[in-house]
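These are the residues of each chain, in order.
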Amino acid sequence: MTDTDVIVVGAGPTGLMLAAELRLAGVGVVVLERRPRINEVAKAGGLGGQILHVLRYRGLLERFEAASGRPRPTPQFPFGGLHVDFTRLAEPPMEALLLPQPRIEAVLEEYVRECGADVRRGHEVLGLDEDPAEVSVDVRGPDGAHRVSARYVVGCDGVRSRVRDLAGIAFTGVSYPEVNRLAHVTRPPSVTLREDGDYEAPGIGLLRSGYTQTDHGMFAIASMTPDELTVYTSEEDPDTYDDEIPMTVTELADSIRRVLGADLPLGEPITMTRFTYHARHAERYRAGRILLAGDAAHRFPAGGVAVNAGMLDAVNLGWKLAADVAGWAPTGLVDTYHDERHRAGARTLMHTQAQVALRRGADPAAEALRELLSELLLDEDPVRRIGRLIAGSDVTHPTPGLDQHPLVGTFAPDLPLRTAEGTTTVATLMHTARPVLLDLADREALRETARGWQDRVEIVTARTDPRPADALLIRPDAHIAWATDVGEPHDTAGPALRDALTYWFG
Ligand SMILES: Cc1cc2nc3c(=O)[nH]c(=O)nc-3n(C[C@H](O)[C@H](O)[C@H](O)COP(=O)(O)OP(=O)(O)OC[C@H]3O[C@@H](n4cnc5c(N)ncnc54)[C@H](O)[C@@H]3O)c2cc1C
């Protein structure tokens, strides 16, 4: 008998999201976090990408919106020193919510405690021991050293993951030498925001919005709201810095002077961060009863994607571990976590490394590449594709070996639904994180097929116009596991549904 079902090491955004998903599925979870309090050093400035949809599908987005209290920023995003503008698209594929990382963690931690997770702060994991039935961790806590055992341990313990090292999982890749500084400051009255979106600054004159490559690095300026400036520099800086020491306005001003060769007036700091870029990927996300998620599993050399990727790892993993703990997981279900999320991580590495090439290139060929891409980004289709790539929403999870309807593997659309009880939506159905067979055409025979799984699969009959399929089987992470075309006869739809139910839900 283990102390708990799952031990999550690390109470960053990934570990807390995983704890939330596990608790939704009724799994016992202990979160071990070495810091006695939330780290107040600002890292991510907000949430962006696909995780915003997932949080809405869990009924959690409103908590983050309330904590943010700030207007949603204009849908624009940096991409390798270029500026991608999603404002021309009717439905921007990449959106963000401004909320400094310590506040993201505070909202999540409050929620997971409400859900009944046991979050133990001041508890550092030092060792690991695994046997075929369980895994134990050695912990140094406020009351001394002790052991905790569980069915699984998930290392959500960040870039320098001890769990990853103890499991012997390689974390290969490269590091880049530039120091990046990113700050949101209030806009001082002397810096004018012009109607065309550019700026006038005393002693400098015209400053173009977006990125400027100089002989000494990269400078960027933009405004998410008219009262604020987002300022960024990137330079090869031989001085090392300490992550634990917050950046100052003076440090930023000095960097701007080196990169731009001018003094830019800056207002009051709102958030300030500095970082270097690394491209690293854990060789495996699973070694027996030990799994990795978030920064412990991947590190990307461009901003704005890591929290999204880590929290999406958690959502993919949570229900699979829960199924295993509950005893109904089909063989190989937990392994699909590595298959699906390692592929997603590789894709994020692909585009963030492409951004490094775009950003760092200083010769005329690199200039030509930037010009070419800027030209492509004037068209809607490439902008949409890049947006989905950054958001992590173009990653699909097909069901291997089974016939694929085009919807299979995609994130379920938030259809408005009419049921016998009233109106609802797909997002609302996903609040409980249970698999759903959504019958959109009153197909009794399909519902009958699914009844064999009704202890774990919700069966919902509803109408929506127009309907994208006669029925959808939706995984707890809101990806479509199976779909049947409008009017497809039961002699093909029924067996295909049975195969998909067996593949995903045992
Ligand atoms: C300056 C800076 C700016 C950034 N800006 C952005 C941004 O704009 N957008 C974005 O998406 N990302 C950004 N990131 C990256 C983002 O902060 C990380 O991707 C994110 O924190 C990863 O979350 P995580 O939960 O996987 O890991 P972490 O947040 O690193 O959490 C790991 C947790 O594990 C704990 N821990 C570690 N070892 C142990 C142990 N042995 N025992 C117990 N607990 C342990 C740590 O104390 C920590 O709380 C930035 C990072 C930095 C440094």
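Heads up: the structure comes first, above all this text.
This structure is a prediction, so every number in the text was calculated from the model and none was measured.

## Examining the side chain of arginine 456
Topologically, arginine 456 is positioned in the loop between α12 (444–450) and β26 (458–461). Judged by its relative accessible area of 17%, arginine 456 falls in the buried class. Only 3.1 Å separates the side chain of arginine 456 from the side chain of aspartate 455, close enough to count as a polar contact.

## Thoughts on the state of the cysteines
Scanning all chains against the criterion turns up zero disulfides. You can see cysteine 156 has no disulfide; the closest cysteine sulfur is in cysteine 115, sitting 16 Å from it.

## Considering the site of the ligand
Around the ligand lies a shell of 29 residues, among which Thr14, Glu33, Gln101, Asp295 and Val307 are the nearest. Between the ligand and the protein, one listed contact pairs an oxygen atom with a side-chain N or O atom of glutamate 33 at 2.6 Å. Take glycine 304: an N or O atom from its main chain is 3.5 Å from a nitrogen atom of the ligand. In the complex, the protein chains occlude 87% of the 990 Å² of accessible area that the ligand would expose alone. Counting only elements with at least two residues in the shell around the ligand, the list comes to α1 (13–24), β2 (29–33), β8 (124–130), β19 (269–282) and α7 (306–326). With three residues, the top contributor of residues to the shell around the ligand is β19. For the shell around the ligand, a count of residues per class yields ten nonpolar, ten polar and nine charged. Taken domain by domain, the makeup of the shell around the ligand includes at least three residues from each of domain 1 (6–170 + 283–358) and domain 2 (176–277).

What counts, and where the lines are drawn
- Residues numbered from 1 in each chain as written.
- Predicted model: local features only at pLDDT ≥ 70, side-chain atom pairs only at ≥ 80, totals over all residues.
- Heavy atoms only, no water.
- Helix = DSSP H or I, 4+ residues; strand = E, 2+ residues; numbered from the N terminus.
- Buried < 20%, exposed > 50% of the residue type's maximum accessible area, 1.4 Å probe, protein only.
- Polar contact = N/O pair within 3.5 Å; in protein donor to acceptor, adjacent residues only side chain to side chain.
- Disulfide = S-S within 2.5 Å.
- Near = heavy atom within 4 Å.
- Areas by Shrake-Rupley, 256 points an atom, 1.4 Å probe, with all protein chains shown as cover.
- Nonpolar A, V, L, I, M, F, W, Y, C, P; charged D, E, K, R; others polar.
- Domains from an automatic or database assignment.

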